[in-house]
Amino acid sequence: MNERNGHNSEIFIIGYLERGDSVTRTRKTICTLMCLAFFAVLAVMPGSFIMQKNVYRQLPLFRFLERKAARDFQRKDPDTYAKIVENHTEYLGAMVEKENEEVRKEQEKVEGQAHKEAADKQKKDSEKETEKSQRNKPVTATPEVTQAVLVSNNIQPAPRIDLSPQTLADYNYLMNQFFIVDSQTTTNADQLNAAELLGEDLTIQKDAAKPQILLYHTHSQEAFADSREGEVEDTIIGVGNYLTELLTKNYGYQVIHVTEAFDMESGELDRSAAYDYAGTYLETILEENPSIEVVIDLHRDGVPENRHLVTEINGKSTAQIMFYNGLSYTIARGSLDYLPNPYIQDNLAFSFQMEYQAAQYYPDFYRGIYLAGYRYNLHLRPRSVLVEAGAQTNTVQEVKNAMEPFADILNRVLQN
(Lines give C-alpha, C1' and ligand atoms only; values in the text may rest on other atoms or scores of the structure.)
Protein backbone atom coordinates (compact mmCIF):
# COMPACT_ATOMS: atom_id res chain seq x y z
CA MET A 1 0.00 0.00 0.00
CA ASN A 2 1.13 3.50 -0.72
CA GLU A 3 1.44 6.05 1.92
CA ARG A 4 0.65 9.76 1.63
CA ASN A 5 1.59 12.24 4.31
CA GLY A 6 2.43 9.37 6.62
CA HIS A 7 -1.05 7.77 6.46
CA ASN A 8 -2.28 4.62 4.87
CA SER A 9 -4.53 5.75 1.98
CA GLU A 10 -7.29 3.17 2.67
CA ILE A 11 -7.41 4.08 6.31
CA PHE A 12 -7.46 7.75 5.32
CA ILE A 13 -10.53 7.35 3.11
CA ILE A 14 -12.50 5.28 5.59
CA GLY A 15 -11.62 7.59 8.36
CA TYR A 16 -12.63 10.58 6.33
CA LEU A 17 -16.07 9.15 5.76
CA GLU A 18 -16.49 8.00 9.28
CA ARG A 19 -15.49 11.13 10.99
CA GLY A 20 -17.14 13.40 8.36
CA ASP A 21 -15.95 16.87 7.51
CA SER A 22 -17.91 20.11 7.05
CA VAL A 23 -18.70 19.40 3.36
CA THR A 24 -20.20 16.01 4.07
CA ARG A 25 -22.34 17.36 6.91
CA THR A 26 -23.67 20.14 4.67
CA ARG A 27 -24.70 17.66 2.01
CA LYS A 28 -26.39 15.47 4.53
CA THR A 29 -28.27 18.44 5.91
CA ILE A 30 -29.44 19.50 2.40
CA CYS A 31 -30.57 15.98 1.56
CA THR A 32 -32.46 15.73 4.80
CA LEU A 33 -34.24 19.09 4.19
CA MET A 34 -35.15 18.13 0.63
CA CYS A 35 -36.62 14.86 1.81
CA LEU A 36 -38.63 16.63 4.48
CA ALA A 37 -39.89 19.19 1.89
CA PHE A 38 -40.86 16.42 -0.51
CA PHE A 39 -42.85 14.54 2.14
CA ALA A 40 -44.45 17.80 3.29
CA VAL A 41 -45.66 18.55 -0.25
CA LEU A 42 -46.84 14.97 -0.61
CA ALA A 43 -48.79 15.26 2.63
CA VAL A 44 -50.48 18.52 1.57
CA MET A 45 -51.28 17.60 -2.08
CA PRO A 46 -51.34 13.81 -2.36
CA GLY A 47 -53.97 13.90 -5.17
CA SER A 48 -51.67 15.74 -7.54
CA PHE A 49 -48.97 13.06 -7.18
CA ILE A 50 -51.32 10.07 -7.34
CA MET A 51 -53.13 11.45 -10.45
CA GLN A 52 -49.80 12.33 -12.07
CA LYS A 53 -50.61 16.02 -12.50
CA ASN A 54 -48.02 18.71 -13.05
CA VAL A 55 -46.72 18.93 -9.50
CA TYR A 56 -44.60 21.96 -10.19
CA ARG A 57 -47.73 23.93 -11.10
CA GLN A 58 -48.95 23.43 -7.54
CA LEU A 59 -45.89 24.99 -5.97
CA PRO A 60 -46.56 28.48 -4.54
CA LEU A 61 -43.47 29.93 -6.16
CA PHE A 62 -44.46 28.70 -9.63
CA ARG A 63 -48.00 29.98 -9.30
CA PHE A 64 -46.74 33.37 -8.18
CA LEU A 65 -44.36 33.59 -11.16
CA GLU A 66 -47.07 32.41 -13.56
CA ARG A 67 -49.53 35.09 -12.42
CA LYS A 68 -46.84 37.74 -12.54
CA ALA A 69 -45.88 36.77 -16.09
CA ALA A 70 -49.52 37.02 -17.22
CA ARG A 71 -49.89 40.44 -15.59
CA ASP A 72 -46.63 41.63 -17.08
CA PHE A 73 -47.71 40.50 -20.57
CA GLN A 74 -51.00 42.36 -20.37
CA ARG A 75 -49.32 45.42 -18.90
CA LYS A 76 -46.53 45.49 -21.48
CA ASP A 77 -48.67 44.74 -24.56
CA PRO A 78 -52.34 45.69 -24.01
CA ASP A 79 -52.86 46.24 -27.76
CA THR A 80 -51.94 42.66 -28.54
CA TYR A 81 -54.18 41.43 -25.75
CA ALA A 82 -57.10 43.58 -27.00
CA LYS A 83 -56.53 42.29 -30.54
CA ILE A 84 -56.68 38.71 -29.33
CA VAL A 85 -59.97 39.39 -27.54
CA GLU A 86 -61.35 41.15 -30.62
CA ASN A 87 -60.39 38.25 -32.90
CA HIS A 88 -62.00 35.75 -30.55
CA THR A 89 -65.17 37.88 -30.42
CA GLU A 90 -65.35 38.20 -34.20
CA TYR A 91 -64.81 34.48 -34.63
CA LEU A 92 -67.51 33.54 -32.12
CA GLY A 93 -69.88 36.15 -33.58
CA ALA A 94 -69.35 34.77 -37.08
CA MET A 95 -70.04 31.25 -35.84
CA VAL A 96 -73.29 32.38 -34.16
CA GLU A 97 -74.40 34.27 -37.27
CA LYS A 98 -73.68 31.24 -39.44
CA GLU A 99 -75.69 28.97 -37.18
CA ASN A 100 -78.58 31.45 -37.02
CA GLU A 101 -78.54 31.84 -40.79
CA GLU A 102 -78.73 28.08 -41.28
CA VAL A 103 -81.65 27.85 -38.84
CA ARG A 104 -83.40 30.79 -40.50
CA LYS A 105 -83.03 29.27 -43.99
CA GLU A 106 -84.43 25.99 -42.79
CA GLN A 107 -87.38 27.75 -41.16
CA GLU A 108 -87.98 29.79 -44.32
CA LYS A 109 -87.94 26.63 -46.39
CA VAL A 110 -90.51 24.93 -44.17
CA GLU A 111 -92.68 28.04 -43.84
CA GLY A 112 -92.43 28.75 -47.56
CA GLN A 113 -93.58 25.27 -48.47
CA ALA A 114 -96.49 25.44 -46.02
CA HIS A 115 -97.44 28.91 -47.28
CA LYS A 116 -97.28 27.75 -50.91
CA GLU A 117 -99.49 24.76 -50.21
CA ALA A 118 -102.02 26.91 -48.37
CA ALA A 119 -101.97 29.52 -51.15
CA ASP A 120 -102.46 26.85 -53.83
CA LYS A 121 -105.39 25.38 -51.94
CA GLN A 122 -106.92 28.82 -51.39
CA LYS A 123 -106.44 29.65 -55.06
CA LYS A 124 -108.12 26.44 -56.21
CA ASP A 125 -111.04 26.95 -53.83
CA SER A 126 -111.38 30.56 -54.93
CA GLU A 127 -111.33 29.57 -58.61
CA LYS A 128 -114.03 26.99 -58.03
CA GLU A 129 -116.23 29.50 -56.20
CA THR A 130 -115.64 32.15 -58.87
CA GLU A 131 -116.41 29.75 -61.68
CA LYS A 132 -119.57 28.64 -59.94
CA SER A 133 -120.83 32.14 -59.15
CA GLN A 134 -119.84 33.70 -62.46
CA ARG A 135 -120.95 30.92 -64.76
CA ASN A 136 -124.08 32.75 -65.91
CA LYS A 137 -122.95 36.34 -65.24
CA PRO A 138 -121.09 38.77 -67.49
CA VAL A 139 -117.48 39.50 -66.54
CA THR A 140 -116.76 43.10 -65.55
CA ALA A 141 -113.29 44.60 -65.34
CA THR A 142 -111.98 45.48 -61.90
CA PRO A 143 -109.78 48.59 -61.70
CA GLU A 144 -106.18 47.77 -60.78
CA VAL A 145 -106.23 50.09 -57.80
CA THR A 146 -109.24 48.24 -56.32
CA GLN A 147 -107.64 44.86 -57.00
CA ALA A 148 -104.63 45.88 -54.90
CA VAL A 149 -106.64 46.24 -51.69
CA LEU A 150 -108.49 42.98 -52.33
CA VAL A 151 -105.17 41.18 -52.55
CA SER A 152 -103.83 42.85 -49.39
CA ASN A 153 -106.94 41.82 -47.45
CA ASN A 154 -106.22 38.19 -48.31
CA ILE A 155 -102.62 38.35 -47.10
CA GLN A 156 -102.02 36.12 -44.10
CA PRO A 157 -99.33 36.80 -41.47
CA ALA A 158 -96.10 34.97 -42.29
CA PRO A 159 -93.32 36.51 -40.16
CA ARG A 160 -89.77 35.31 -40.69
CA ILE A 161 -88.49 36.48 -37.31
CA ASP A 162 -89.62 36.03 -33.72
CA LEU A 163 -92.09 38.81 -32.88
CA SER A 164 -93.08 37.61 -29.42
CA PRO A 165 -93.11 40.24 -26.65
CA GLN A 166 -90.47 38.33 -24.72
CA THR A 167 -88.05 38.38 -27.66
CA LEU A 168 -88.75 41.99 -28.60
CA ALA A 169 -87.99 42.96 -25.00
CA ASP A 170 -84.35 42.12 -25.76
CA TYR A 171 -82.85 45.47 -26.77
CA ASN A 172 -80.03 43.90 -28.79
CA TYR A 173 -82.46 41.72 -30.72
CA LEU A 174 -84.68 44.72 -31.39
CA MET A 175 -81.75 46.75 -32.73
CA ASN A 176 -80.46 43.94 -34.94
CA GLN A 177 -83.84 43.23 -36.49
CA PHE A 178 -85.44 46.66 -36.88
CA PHE A 179 -83.11 49.62 -36.49
CA ILE A 180 -80.06 51.17 -38.16
CA VAL A 181 -78.30 53.88 -36.14
CA ASP A 182 -76.35 56.61 -37.92
CA SER A 183 -72.79 57.07 -36.67
CA GLN A 184 -73.52 60.70 -35.68
CA THR A 185 -76.26 59.84 -33.19
CA THR A 186 -77.09 57.28 -30.52
CA THR A 187 -80.07 55.75 -28.73
CA ASN A 188 -80.78 53.48 -25.78
CA ALA A 189 -83.15 50.86 -24.38
CA ASP A 190 -85.35 53.48 -22.71
CA GLN A 191 -86.01 55.24 -26.00
CA LEU A 192 -86.52 52.02 -27.97
CA ASN A 193 -88.80 49.97 -25.76
CA ALA A 194 -90.79 47.63 -28.01
CA ALA A 195 -93.70 47.21 -25.58
CA GLU A 196 -94.15 50.97 -25.25
CA LEU A 197 -93.76 51.63 -28.97
CA LEU A 198 -96.30 48.96 -29.87
CA GLY A 199 -98.61 49.99 -27.03
CA GLU A 200 -99.07 53.58 -28.20
CA ASP A 201 -102.50 54.12 -29.74
CA LEU A 202 -101.98 55.69 -33.19
CA THR A 203 -105.40 54.91 -34.60
CA ILE A 204 -107.53 57.66 -36.12
CA GLN A 205 -111.25 57.96 -36.75
CA LYS A 206 -111.55 57.76 -40.50
CA ASP A 207 -113.48 60.65 -42.06
CA ALA A 208 -113.42 61.00 -45.83
CA ALA A 209 -115.15 64.39 -45.59
CA LYS A 210 -111.99 66.14 -44.39
CA PRO A 211 -108.25 65.81 -45.09
CA GLN A 212 -106.45 63.53 -42.64
CA ILE A 213 -103.20 62.71 -44.48
CA LEU A 214 -100.64 65.17 -45.83
CA LEU A 215 -98.20 63.75 -48.42
CA TYR A 216 -95.25 65.76 -49.74
CA HIS A 217 -91.72 65.40 -51.13
CA THR A 218 -88.81 67.41 -49.73
CA HIS A 219 -86.77 66.18 -52.73
CA SER A 220 -89.33 66.39 -55.51
CA GLN A 221 -86.85 65.87 -58.36
CA GLU A 222 -85.79 62.36 -57.36
CA ALA A 223 -86.10 60.01 -60.35
CA PHE A 224 -85.48 56.35 -61.20
CA ALA A 225 -83.55 54.07 -63.53
CA ASP A 226 -86.02 54.34 -66.42
CA SER A 227 -87.48 57.79 -65.73
CA ARG A 228 -88.12 59.88 -68.83
CA GLU A 229 -86.60 63.34 -68.62
CA GLY A 230 -89.18 66.02 -68.03
CA GLU A 231 -91.93 63.53 -67.11
CA VAL A 232 -93.18 64.41 -63.63
CA GLU A 233 -95.07 61.12 -63.47
CA ASP A 234 -91.71 59.29 -63.63
CA THR A 235 -90.38 61.07 -60.52
CA ILE A 236 -91.14 60.58 -56.85
CA ILE A 237 -94.11 62.91 -57.36
CA GLY A 238 -95.64 60.35 -59.74
CA VAL A 239 -95.17 57.69 -57.05
CA GLY A 240 -96.94 60.04 -54.63
CA ASN A 241 -99.82 60.38 -57.09
CA TYR A 242 -100.32 56.62 -57.07
CA LEU A 243 -100.12 56.45 -53.25
CA THR A 244 -102.73 59.23 -53.04
CA GLU A 245 -104.98 57.26 -55.37
CA LEU A 246 -104.61 54.10 -53.29
CA LEU A 247 -105.34 55.83 -49.98
CA THR A 248 -108.30 57.69 -51.42
CA LYS A 249 -110.05 55.05 -53.52
CA ASN A 250 -109.13 51.89 -51.65
CA TYR A 251 -109.01 53.03 -48.05
CA GLY A 252 -111.34 56.02 -47.93
CA TYR A 253 -108.92 58.71 -46.70
CA GLN A 254 -108.82 62.27 -47.96
CA VAL A 255 -105.23 63.15 -48.84
CA ILE A 256 -103.57 66.48 -49.58
CA HIS A 257 -100.67 65.80 -51.95
CA VAL A 258 -98.18 68.66 -52.06
CA THR A 259 -96.10 68.69 -55.26
CA GLU A 260 -94.11 71.87 -54.67
CA ALA A 261 -90.44 71.70 -55.70
CA PHE A 262 -88.68 72.52 -52.43
CA ASP A 263 -85.35 71.37 -53.88
CA MET A 264 -85.30 73.77 -56.83
CA GLU A 265 -83.92 77.32 -56.73
CA SER A 266 -84.11 79.59 -59.79
CA GLY A 267 -84.58 76.56 -62.03
CA GLU A 268 -81.57 74.71 -60.59
CA LEU A 269 -81.45 71.71 -58.28
CA ASP A 270 -80.55 72.94 -54.77
CA ARG A 271 -81.24 70.80 -51.74
CA SER A 272 -79.26 72.82 -49.22
CA ALA A 273 -82.37 74.46 -47.74
CA ALA A 274 -85.10 72.09 -48.96
CA TYR A 275 -86.17 71.05 -45.46
CA ASP A 276 -86.44 74.68 -44.36
CA TYR A 277 -88.56 75.61 -47.39
CA ALA A 278 -90.77 72.56 -46.94
CA GLY A 279 -91.27 73.17 -43.22
CA THR A 280 -92.44 76.75 -43.72
CA TYR A 281 -94.80 75.77 -46.53
CA LEU A 282 -96.29 72.82 -44.63
CA GLU A 283 -96.94 74.78 -41.46
CA THR A 284 -99.34 76.99 -43.39
CA ILE A 285 -101.20 74.01 -44.80
CA LEU A 286 -101.49 72.42 -41.37
CA GLU A 287 -102.84 75.64 -39.88
CA GLU A 288 -105.49 75.77 -42.59
CA ASN A 289 -106.30 72.05 -42.21
CA PRO A 290 -106.20 71.11 -38.51
CA SER A 291 -107.91 67.80 -39.32
CA ILE A 292 -104.64 66.43 -40.75
CA GLU A 293 -103.23 63.79 -38.41
CA VAL A 294 -100.66 62.02 -40.61
CA VAL A 295 -97.69 63.63 -42.40
CA ILE A 296 -95.62 61.59 -44.89
CA ASP A 297 -92.43 62.81 -46.59
CA LEU A 298 -91.94 60.39 -49.51
CA HIS A 299 -88.41 59.98 -50.93
CA ARG A 300 -86.35 57.48 -52.81
CA ASP A 301 -82.95 56.40 -51.48
CA GLY A 302 -79.53 56.69 -53.10
CA VAL A 303 -77.46 53.48 -53.24
CA PRO A 304 -74.44 52.11 -55.17
CA GLU A 305 -75.28 51.51 -58.83
CA ASN A 306 -74.84 47.75 -58.47
CA ARG A 307 -77.48 47.48 -55.73
CA HIS A 308 -81.11 46.75 -56.57
CA LEU A 309 -83.65 47.09 -53.75
CA VAL A 310 -86.36 44.78 -55.04
CA THR A 311 -88.47 41.82 -53.91
CA GLU A 312 -91.65 40.16 -55.17
CA ILE A 313 -95.02 40.83 -53.55
CA ASN A 314 -98.30 39.53 -54.94
CA GLY A 315 -96.50 38.47 -58.10
CA LYS A 316 -95.10 41.97 -58.76
CA SER A 317 -91.52 43.23 -58.70
CA THR A 318 -91.65 45.61 -55.74
CA ALA A 319 -89.10 48.10 -54.46
CA GLN A 320 -88.19 47.78 -50.78
CA ILE A 321 -88.75 50.62 -48.34
CA MET A 322 -86.96 52.08 -45.34
CA PHE A 323 -88.37 54.36 -42.63
CA TYR A 324 -86.34 57.34 -41.43
CA ASN A 325 -86.51 58.97 -37.98
CA GLY A 326 -84.76 62.05 -36.63
CA LEU A 327 -83.75 62.09 -32.96
CA SER A 328 -82.66 65.77 -32.67
CA TYR A 329 -79.52 64.48 -30.98
CA THR A 330 -75.93 64.14 -32.16
CA ILE A 331 -72.96 62.65 -30.36
CA ALA A 332 -70.89 65.78 -31.03
CA ARG A 333 -73.44 68.34 -29.78
CA GLY A 334 -75.83 66.36 -27.60
CA SER A 335 -79.49 67.38 -27.61
CA LEU A 336 -80.23 69.82 -30.44
CA ASP A 337 -82.38 72.34 -28.60
CA TYR A 338 -82.60 74.53 -31.70
CA LEU A 339 -84.43 71.63 -33.46
CA PRO A 340 -87.06 70.71 -30.87
CA ASN A 341 -89.38 67.81 -31.61
CA PRO A 342 -91.98 66.96 -28.94
CA TYR A 343 -93.12 63.99 -31.02
CA ILE A 344 -89.90 61.95 -31.24
CA GLN A 345 -91.38 58.99 -29.33
CA ASP A 346 -94.65 59.23 -31.28
CA ASN A 347 -92.72 59.22 -34.56
CA LEU A 348 -90.68 56.22 -33.43
CA ALA A 349 -93.84 54.37 -32.43
CA PHE A 350 -95.46 55.22 -35.78
CA SER A 351 -92.60 53.91 -37.91
CA PHE A 352 -92.05 50.88 -35.64
CA GLN A 353 -95.71 49.87 -35.76
CA MET A 354 -95.65 50.03 -39.57
CA GLU A 355 -92.42 48.03 -39.62
CA TYR A 356 -94.01 45.51 -37.26
CA GLN A 357 -96.96 45.11 -39.64
CA ALA A 358 -94.56 44.69 -42.55
CA ALA A 359 -92.64 42.03 -40.62
CA GLN A 360 -95.86 40.05 -40.30
CA TYR A 361 -97.39 40.49 -43.74
CA TYR A 362 -94.52 41.49 -46.05
CA PRO A 363 -91.29 40.19 -44.44
CA ASP A 364 -89.11 40.97 -47.50
CA PHE A 365 -90.55 44.45 -47.98
CA TYR A 366 -88.87 46.54 -45.27
CA ARG A 367 -85.19 47.43 -44.90
CA GLY A 368 -85.27 48.82 -41.36
CA ILE A 369 -85.75 52.09 -39.51
CA TYR A 370 -82.86 54.49 -39.93
CA LEU A 371 -82.17 56.72 -36.91
CA ALA A 372 -80.40 59.99 -37.74
CA GLY A 373 -79.35 62.96 -35.67
CA TYR A 374 -81.45 65.85 -36.98
CA ARG A 375 -85.19 66.61 -37.20
CA TYR A 376 -86.27 66.43 -40.89
CA ASN A 377 -89.62 68.18 -40.26
CA LEU A 378 -90.87 65.24 -38.22
CA HIS A 379 -92.05 67.65 -35.52
CA LEU A 380 -95.15 68.69 -37.46
CA ARG A 381 -97.44 65.93 -36.17
CA PRO A 382 -97.20 62.91 -33.82
CA ARG A 383 -97.72 60.60 -36.83
CA SER A 384 -94.94 61.99 -39.00
CA VAL A 385 -92.67 59.71 -41.01
CA LEU A 386 -90.05 59.95 -43.74
CA VAL A 387 -90.18 57.02 -46.17
CA GLU A 388 -87.40 55.95 -48.54
CA ALA A 389 -89.12 53.98 -51.35
CA GLY A 390 -86.61 52.12 -53.47
CA ALA A 391 -83.62 53.95 -54.95
CA GLN A 392 -82.30 55.39 -58.20
CA THR A 393 -81.58 51.85 -59.44
CA ASN A 394 -85.26 50.82 -59.27
CA THR A 395 -87.72 51.26 -62.11
CA VAL A 396 -90.67 53.61 -61.79
CA GLN A 397 -93.07 50.67 -61.78
CA GLU A 398 -91.19 48.83 -59.02
CA VAL A 399 -91.49 51.86 -56.75
CA LYS A 400 -95.15 52.42 -57.61
CA ASN A 401 -95.80 48.76 -56.81
CA ALA A 402 -94.27 49.39 -53.37
CA MET A 403 -97.05 51.84 -52.58
CA GLU A 404 -99.59 48.99 -52.44
CA PRO A 405 -98.09 47.14 -49.43
CA PHE A 406 -97.11 50.47 -47.88
CA ALA A 407 -100.71 51.74 -48.05
CA ASP A 408 -101.83 48.45 -46.52
CA ILE A 409 -99.51 48.56 -43.49
CA LEU A 410 -100.25 52.29 -43.00
CA ASN A 411 -103.97 51.56 -42.91
CA ARG A 412 -103.45 48.63 -40.51
CA VAL A 413 -101.72 50.97 -38.04
CA LEU A 414 -104.24 53.79 -38.41
CA GLN A 415 -107.22 51.42 -38.07
CA ASN A 416 -105.62 49.04 -35.53
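This structure is a prediction, so every number in the text was calculated from the model and none was measured.

Asker: Give a detailed account of helix 8 (residues 171–178), specifying residues and quantitative values.
Answerer: Structural remark: α-helix, 3.6 residues per turn; residues separated by three or four positions point the same way. Within helix 8, burial applies to Tyr-173, Leu-174, Met-175 and Phe-178. Among the structural elements, helix 7 (165–168), strand 3 (179–181), helix 9 (194–199), helix 12 (344–361) and strand 14 (366–372) are those in contact with the buried residues of helix 8. For helix 8, the capping residue at the N-terminal end is Asp-170, with a side-chain oxygen 3.0 Å from the backbone nitrogen of Asn-172.

Asker: Give me the packing of aromatic side chains: which residues, what numbers.
Answerer: Describing an aromatic ring pair means giving the distance of the ring centres and the angle of the ring planes. Taken as a whole and assessed by the stated rule, the structure comprises nine aromatic pairs. Ring centres 5.1 Å apart and planes at 75 degrees place the aromatic pair Phe-178 and Phe-352 in the edge-to-face group. Highlighted residues: Phe-178 in helix 8 and Phe-352 in helix 12, separated in sequence by 174 residues. The pair Phe-178 / Phe-352 is uniform in exposure class, with both members buried. Taking the centre distance of 6.4 Å and the plane angle of 45 degrees together, the rings of Phe-323 and Phe-406 count as tilted. Of this pair, Phe-323 sits in strand 11 (residues 321–326) while Phe-406 sits in helix 13 (residues 396–414), and the two are 83 residues apart along the sequence. Taken together, Phe-178, Phe-179, Phe-352 and Tyr-366 form an aromatic cluster joined through their ring pairs. Across from the ring centre of Tyr-253, 4.7 Å away, lies the NZ or CZ of Lys-206, which sits over that ring.

Asker: Pulling in residues and values, what's your account of unusual backbone geometry?
Answerer: For residues besides glycine, phi is generally negative; the peptide bonds are generally trans as well. The phi dihedral of Asn-314 is positive, around 55 degrees, even though this residue is not glycine. Position of Asn-314 relative to the elements: it lies in the loop between strand 9 (310–313) and strand 10 (316–319). Non-glycine residue Ser-328 carries a positive phi angle of around 50 degrees. With respect to the helices, strands and loops of the structure, Ser-328 is situated in the loop between strand 11 and strand 12 (329–330). Taking relative accessible area as the criterion, Ser-328 reaches 5% and is therefore assigned buried.

Asker: Would you mind going over the environment of Leu-192 in detail, with residue names and values included?
Answerer: Looking at the secondary structure, you find Leu-192 in the loop between strand 3 and helix 9. In contact with Leu-192, other than residues within four places in its own chain, are Tyr-171, Leu-174, Met-175, Phe-179, Thr-187, Leu-197, Leu-348 and Leu-371.

Asker: Explain helix 10 (residues 236–250) to me, and be specific about the residues and the numbers.
Answerer: Spanning 15 residues, helix 10 covers 21 Å between terminal C-alpha atoms, matching the ideal 21 Å at 1.5 Å per step. All of the buried residues along helix 10 are Ile-236, Ile-237, Gly-238, Val-239, Gly-240, Tyr-242, Leu-243, Thr-244, Leu-246, Leu-247 and Asn-250. Trailing helix 10 by a residue or two, Gly-252 shows a phi angle of about 80 degrees, which is positive.

Asker: Let's hear about the sheet that holds strand 8 (residues 294–301): which residues, and what values?
Answerer: Read from one edge to the other, the open sheet built from seven strands follows the order 3-14-11-15-8-4-5, with strand pairing classed as mixed. In the strand order of this sheet, the two ends are held by strand 3 and strand 5 (255–257), each with one partner. Direction aside, the axes of adjacent strands within the sheet are offset by 25 degrees on average. For strand 3 and strand 14, the ladder comprises three bridges, and the chain directions are parallel. The residue bridging Ile-180 from the neighbouring strand is Tyr-370, located in strand 14. Running over the sheet, helix 8 touches strand 3 and strand 14 and is turned about 90 degrees from strand 3.

Asker: Run through the pattern of salt bridges, naming residues and quoting values.
Answerer: Counted by the stated rule, this structure contains ten salt bridges. Between Lys-400 and Glu-233 there is a salt bridge; the shortest N-O distance is 3.1 Å. A residue pair is termed long-range when its members are at least 10 positions apart, and Lys-400 in helix 13 and Glu-233 in the loop between strand 4 (213–216) and helix 10 qualify at 167 residues. Overall, the relative accessible area of 14% leaves Lys-400 in the buried class. With its nearest N and O atoms 3.2 Å apart, the salt bridge here joins Asp-408 to Arg-412. Of this pair, Asp-408 and Arg-412 both sit in helix 13, separated by four residues, roughly a single helical turn. Taken individually, Asp-408 and Arg-412 each receive the classification buried, so the pair is uniform in this respect.

So, how was this worked out
- Residues numbered from 1 in each chain as written.
- Predicted model: local features only at pLDDT ≥ 70, side-chain atom pairs only at ≥ 80, totals over all residues.
- Heavy atoms only, no water.
- Buried < 20%, exposed > 50% of the residue type's maximum accessible area, 1.4 Å probe, protein only.
- Helix = DSSP H or I, 4+ residues; strand = E, 2+ residues; numbered from the N terminus.
- Contact = heavy atoms within 4.5 Å.
- Polar contact = N/O pair within 3.5 Å; in protein donor to acceptor, adjacent residues only side chain to side chain.
- Phe/Tyr/Trp six-rings, centres within 6.5 Å; stacked < 30°, edge-to-face > 60°.
- Lys NZ or Arg CZ within 6 Å of the ring centre and 35° of its normal.
- Expected span 1.5 Å × (residues − 1).
- Pairing = 2+ DSSP bridges.
- Axes fitted to C-alpha atoms, helices over the stretch in contact; angles between N-to-C directions.
- Salt bridge = Lys/Arg side-chain N within 4 Å of Asp/Glu carboxyl O.

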